[in-house]
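# Per-entry structural report
The residues making up each chain are set out below.
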Amino acid sequence: TPTDKELKNLTSSDPQILAGKAGKVVRYKAGSVETNPPTLTVDGKVVTPNEGENFLYDPPGTEPTFDDSFAETNVYYHLDRMSTWVGTTLGVDTSAAKYSLMAVVNYGPGQKAYDNAAYMPYSMADDDGVKHPNVIVIGQGSKSDFAHDSDVFLHEYTHYLNHNAIGFSQSVYGLDEYGLITTPGTIDEGSADYFSSTVNDDAVVGEASLNLLGPYARDLEGESGTCPDTMYGETHEDGKLIGTAAWAVRKVIGKELSDPMVWAAMSMLPNDGATLGDFAKNVMDAAADLKTQGKVTDAQIAELQKVFDDRGLTECFRSLDTSPTKSRKTNMIGFDILGQMMGASCSMIRQYGVQLTSLFHFKYQPTSADSRVTFKVSMTPIMGGGKDWDWDMYVRRGDMVTFLSNSMTMSIHPDEFDHSVKELTTATGEITIDSKSSPAFDPTQPYDMVIMHRNCPSAEVKVEVVTSGEIPAEPMPEAGPDAQVEEDADVPEEDSGEPGIPATGEPSDDGGCGCRTAPSRSSSWAGVIGLGLAAAAVARSRRRR
């Protein structure tokens with residue numbers, strides 16, 4: 001049932017339109033957000049008052065409706081409400097030109113329903129030719145209009161705020177010096193769920209959007225999962241860890257303290273490479289400051305710590321501590337799923353030279369009693385067809401394994417590492433570093449292991465560390481990295497570059513590869529994805545639900 005509300009902070013104009021402090025609301029005309037860059041144009045006909053000076057519109061009786069003036073009015077009201085709250089509660093001044101925002105309502109190319117909404121940091125012109133550096137596109141859904149559900153576009157507003165106020169990463173998936181990274185997008189999604197929910201004082205995100213969310217609306221009081229066990233690299237799903245944690249913080253200390261505290265934690269994150277562990281640490285640091293001010297108690301601090309401990313966020317950093325008594329489980333995105341996103345098959349993506357890494361690295365700090373370390377990996381397919389495995393293990397002593405990568409082309413290849421096992425084609429594998437390895441095992445140095453893969457199925461991955469027990473009598477040596485070659489050179493990988501060393505270890509009795517490392521050098525090879533595929537990846541980089 002519609003309720004009459006006062007539209008505040010409108011910029012006076014003749015005729016009066018829905019433009020003000022929070023931005024300008026316009027109606028979609030043509031173009032698509034699926035192109036790169038988007039080709040969006042808006043209608044010169046904007047909604048004006050229909051009863052005196054008032055915008056007293058009712059919702060349409062049927063959906064989809066592509067000229068819904070109620071939707072435009074509703075979006076303006078809630079965006080202005082959010083903008084005011086951001087200024088008064090979070091202390092963010094959005095008056096600078098970089099914050100200029102245009103909200104495009106009734107989006108549906110070809111008068112066909114569009115079941116989504118998105119924030120895009122692209123400069124686009126409104127119907128008067130004025131360019132805005134930020135655009136929120138709100139789809140006209142098939143069953144209901146996303147513009148009628150403020151959870152949806154206030155979620156998108158938070159992406160806009162994160163981008164402009166703190167320069168937070170806008171990538172859903174990215175590649176950096178340590179490989180594949182999805183955690184900045186995860187934090188962006190989780191915080192967007194939290195802030196839209198706290199402003200609306202309701203823990204369920206998008207329950208009014210029958211199009212896609214419906215029974216799958218994210219409940220911030222529901223199951224959260226744990227890091228790294230339930231992380232898949234899908235930022236909305238993984239974002240539940242952040243959204244539910246922030247909502248739990250709100251329940252412990254109240255929204256008056258939690259809202260600015262969560263924002264302070266966001267503001268202290270690095271722009272690139274932020275982890276869920278960084279977020280948890282920042283919240284606890286902010287809570288400690290509140291304790292010194294007498295605003296929270298020791299008991300509340302303990303409750304907050306439990307919020308993050310229960311979700312595994314306290315130690316959810318890029319490299320996970322692993323030991324003989326502490327194995328790790330996580331999940332890896334397979335090329336079958338990546339192919340669905342890009343309109344390609346697993347084999348096609350392989351042909352383009354694409355490679356991905358595990359979501360995490362795995363670190364072991366030896367004890368003085370250790371004379372070797374073995375990293376053992378086992379995979380179980382969870383999504384995608386078949387059991388088509390193709391993967392490598394890389395280990396570095398004293399620091400994390402690094403890669404040379406390009407997020408635009410999704411190309412990645414190893415840079416700094418000491419030991420490797422390559423081209424494993426079974427679901428299990430292992431790598432051992434001992435006195436015969438080069439460099440030899442050093443119990444005073446930490447060891448970092450990461451998986452790089454071209455697997456078709458998405459998989460649950462278990463990583464174990466073994467430092468005792470018998471070594472196989474005649475373990476096959478690993479494939480040392482290829483000899484250094486010029487980047488982008490077309491060099492076959494049949495030869496390891498080391499005399500007498502095969503390209504891969506022979507399978508052991510358990511179907512895996514029991515391998516001891518041989519001398520190795522840093523190597524590089526090209527893995528360049530086709531331009532069409534790269535464009536598809538970039539075009540989808542901000543498709544937020």
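Above this text sits the structure in question.
About the thresholds
- Residues numbered from 1 in each chain as written.
- Predicted model: local features only at pLDDT ≥ 70, side-chain atom pairs only at ≥ 80, totals over all residues.
- Heavy atoms only, no water.
- Core = buried A, V, L, I, M, F, W, Y, C linked by side-chain atoms within 4.5 Å.
- Buried < 20%, exposed > 50% of the residue type's maximum accessible area, 1.4 Å probe, protein only.
- Helix = DSSP H or I, 4+ residues; strand = E, 2+ residues; numbered from the N terminus.
- Contact = heavy atoms within 4.5 Å.
- Disulfide = S-S within 2.5 Å.
- Pairing = 2+ DSSP bridges.

### Quick look at the nonpolar core
- Counting 119 residues, the largest nonpolar core has Phe 279 and Phe 375 as the members making the most contacts within it.
- Ranked by residues supplied to this core, first place goes to helix 5 (residues 240–253) with nine residues.
- The residues contacting Phe 279, other than those within four sequence positions of it, are Ile 187, Ile 242, Val 262, Ala 265, Met 266, Leu 269 and Phe 308.
- Listed in part, the 13 residues of the second largest apolar core include Val 104, Tyr 107, Met 120 and Met 124.

### Observations concerning the state of the cysteines
- Under the definition given, this model contains two disulfides.
- Note that Cys 346 is cross-linked by a disulfide to Cys 456, the S-S spacing being 2.0 Å. Looking along the S-S bond of the Cys 346-Cys 456 disulfide, the torsion reads about -85°, which is the left-handed sense. With a gap of 110 residues between them, Cys 346 in helix 10 (residues 346–351) and Cys 456 in the loop between strand 23 (447–453) and strand 24 (458–466) connect regions that are remote in the sequence. Here Cys 346 and Cys 456 have matching classes, each one buried.

### Looking at the pairing of strand 18 (residues 391–397)
- Judged by how many residues are buried, strand 18 sits mostly within the fold: six of seven residues are covered.
- By the bridge criterion, four bridges tie strand 18 to strand 21 (residues 419–424) in an arrangement that is antiparallel. Within strand 21, the position partnered with Tyr 394 by the bridge is Ser 420.
- Bridging between strand 18 and strand 23 involves seven bridges; their strand directions are antiparallel. The residue of strand 23 that forms the bridge with Val 395 is Met 449.

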